[in-house]
Each structure stands twice: as structure tokens, then as C-alpha cells.
Amino acid sequence: MILAWDALPALFPALGSPGRWLPLLQRHAAIIEESATHTRVTAVPTAEAVRRQYAESLELLRIARDLGAALQPVIDVGSGGGFPGLVFAIVEPDTAITLVEPLRKRARLLEGMAAELELPNVRVVAARAEEAARGPLRDSAALVTARAVAELRELLEYTAPFARPGGWLLLPKGSTASSELAAATAALAELQCAHRASIPMRPEVSETLTVLAMEKLGATSPTYPRRPGTPAKRPL
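Keep in mind it's a predicted model, so treat the numbers as computed, not measured.

What counts and what doesn't
Residues numbered from 1 in each chain as written. Predicted model: local features only at pLDDT ≥ 70, side-chain atom pairs only at ≥ 80, totals over all residues. Heavy atoms only, no water. Helix = DSSP H or I, 4+ residues; strand = E, 2+ residues; numbered from the N terminus. Buried < 20%, exposed > 50% of the residue type's maximum accessible area, 1.4 Å probe, protein only. Areas by Shrake-Rupley, 256 points an atom, 1.4 Å probe, with all protein chains shown as cover. Lys, Arg positive; Asp, Glu negative; His and termini not counted. Charge placed at Lys NZ, Arg CZ, Asp CG, Glu CD. Pairing = 2+ DSSP bridges. Axes fitted to C-alpha atoms, helices over the stretch in contact; angles between N-to-C directions. 1 Å grid on protein atoms, 1.4 Å probe; cavity = no way out; pocket = protein on both sides within 12 Å on 5 of 7 lines; lining within 4 Å. Points joined across faces, edges and corners; volume = space filled by probe spheres on them. Nonpolar A, V, L, I, M, F, W, Y, C, P; charged D, E, K, R; others polar. Left-handed = near helix turned anticlockwise from the far one by under 90°. Contact = heavy atoms within 4.5 Å. Salt bridge = Lys/Arg side-chain N within 4 Å of Asp/Glu carboxyl O.

### Observations concerning the overall build of the protein
Then step 1. Looking only at helices and strands, one finds 10 helices and 7 strands in the protein.
Then step 2. Judged by the C-alpha coordinates and their principal axes, the protein covers about 45 × 35 × 30 Å.
Then step 3. Counting only residues that meet the buried cut, the protein has 54% of its 236 residues in that class.
Then step 4. Surface summary for the protein: the accessible area is close to 10000 Å², and the carbon and sulfur share equals 53%.
Then step 5. Here the protein holds 26 positive side-chain charges and 25 negative ones, and the gap between their average locations is 6 Å.

### A few points about the sheet that holds strand β7 (residues 210-216)
Then step 1. Spatially, the 7 strands line up as an open sheet ordered β3-β2-β1-β4-β5-β7-β6, and their pairing is mixed. The strands lining the two open edges of the sheet, one partner per strand, are β3 (122-125) and β6 (193-200). Pairwise comparison of adjacent strand axes, ignoring direction, gives a mean angle of 20° for this sheet.
Then step 2. For β6 and β7, the ladder comprises 7 bridges, and the chain directions are antiparallel. Paired with I199 across the bridge in β7 is V211.

### Focus on the layout of surface pockets
Then step 1. Taken as a whole, the largest pocket holds about 700 Å³ of empty space.
Then step 2. For the largest pocket, the lining is made up of 36 residues, of which G78, R147, A148, V149 and A150 are closest to its centre.
Then step 3. Within the residue set of the lining of the largest pocket, elements represented by two or more residues are α3 (49-67), α6 (129-132), α7 (152-159) and β5 (163-173).
Then step 4. Tallied by class, the residues present in the lining of the largest pocket amount to 16 nonpolar, 10 polar and 10 charged.
Then step 5. Forming the boundary of the second largest pocket are 17 residues, of which I32, E33, T42, V44 and T46 lie nearest the centre.
Then step 6. Among the elements of the structure, α2 (18-35) and α3 are those that each provide at least two residues to the lining of the second largest pocket.
Then step 7. With 4 residues, α3 is the single largest residue contributor to the lining of the second largest pocket.
Then step 8. Here the residues of the lining of the second largest pocket are counted per class, giving 11 nonpolar, 4 polar and 2 charged.

### Considerations on the packing of α2 against helix α5 (residues 104-116)
Then step 1. Two elements in contact, α2 and α5, have axes whose closest approach is 11 Å; the angle formed by their N-to-C orientations is 140°. Pair α2 / α5 crosses with right-handed handedness. Residues R27, H28, I31, I32 and S35 of α2 form the contact with α5, whose participating residues are L109, M113 and E116.

### Observations regarding the pattern of salt bridges
Then step 1. Per the stated rule, a full pass over the model turns up 14 salt bridges.
Then step 2. For E151, the salt bridge identified is with R153, shortest N-O distance 3.3 Å.
Then step 3. Look at the salt bridges and you will find they share partners, linking E59, R62, D66 and R202 into a network.

### Regarding the pairing of strand β4 (residues 141-146)
Then step 1. Of all 6 residues in β4, 6 are buried, a share of seventy percent or more.
Then step 2. Bridge analysis of strand β1 (residues 74-77) against β4 gives 4 bridges, and the strand direction is parallel. Across the sheet, residue D76 finds its bridge partner in β4, namely T145.
Then step 3. The pairing of β4 with β5 spans 4 bridges and is classified as parallel. Across the sheet, A141 pairs through a bridge with A163, a residue of β5.

These figures capture arrangement, not role.
In C-alpha cells, the structure reads:
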């Protein structure tokens, strides 16, 4: 299903002020398209971008609000072209958003987009998650997001160390959500997390994505995250 830009305000009425954020989302999309010749950040066809990138990102934000998750601050791991982190920053201008992106070209693009869109609430960290979570961002975020990054056991090790106790991880997953969750029991326990809900996105946004909502129960063990590359090679 193709979704038009002007459908977003009706889908997300709680956001308010679409006259401010909708043009910024459209400009963000235009920058990504203009930059594709030198920095490719997505394989999603342009015709499907409104639904699969922007509506899905806004749906994640809607779910976070419905859960009562705090939105200050937010860390987006593996941000790529800014989904969902830069989209959050556009519609939540008072929320501090950190985009963790390991590829330097993409990190520079994110910095340029944040500057052009006049988003002083955005900070870009050009580092692997395993390295960034060993610094000041450790155990700091009220909300951690990651989209299309890795299988859940691996992804938890990339994301959980950023969340503070009482914070949330919101991780969209496709048709493998339930099987990945079943396989992640040990990882959840080891990383001080508890699965609280599996929330399907509304079908008008996505017919396949489910958001796995995890609560961080305690501070991260000094063991985690392990060295770069280890979570992928030996997931918990």
C-alpha cells in the first residue's frame, strides 16, 4: 500500500502542529534522495518511503507514548539515514536525540541533515555501538531504538547497555519476532532486561512489523557490551 505525505497528520493526530514537522520530514526525504549518489542509506523505493520509513518511525513513537515511556533522552542505534531517530527529533524538538552510526559517511550525512533541518537537539556519534556504550552514553537513555540492525540476541547487546534502569528498548521486528524473542531468553536475563509487550503496528502503517518492548531492570554488567564483532559472532 502506498501512503501519501498528507495522510500522516490524520494517522498521527496526537503529534499536533503538522504544519511544522511535515515539511521537515519531506525535506529530510529529499536530502536522502539527493545524497544517494554518494551515500546510500536505504534500499526502500521512493514510492514506499512515506509508509515504510516515516510512518513506521512515527508509529514507533506513538507506541512509546502509549507505553508511558519517557522520551528524554533517546538513543537510536545504527541510525543509517535517521530512521527512526532523526524523525523523532523532527517531531519532538525538545527531546535530546543521540544517533549512533558506525559508518562515517552516513554519520557525516546525519550531521549535515541535522544542521540543514536546524535540529539542535540531535547529536551524532560516529562509532560502533560496542564502543559507544563503553563511554558516557552507558546506562543513560530513557528510550533506546534500533531498526533493521541485527537478530534480537545480537541486537540486545548493542542496545541494552545504553538504557538506564527503568528505561525502555523498543525494537521493531518482522515475521521472525516471536521466534527471535523465544531464542533471546538468556540474553534478556544477562543484560538485565525484561520483555514487557509485543505490539503489532497498525495495519495501515505496517502489516508485518511488531515492536518488542523491553524494560531495563538494572545497570549493565561490566562484561557488556563485548568487544566489537563478538556479539555477531557469539550472540548471547
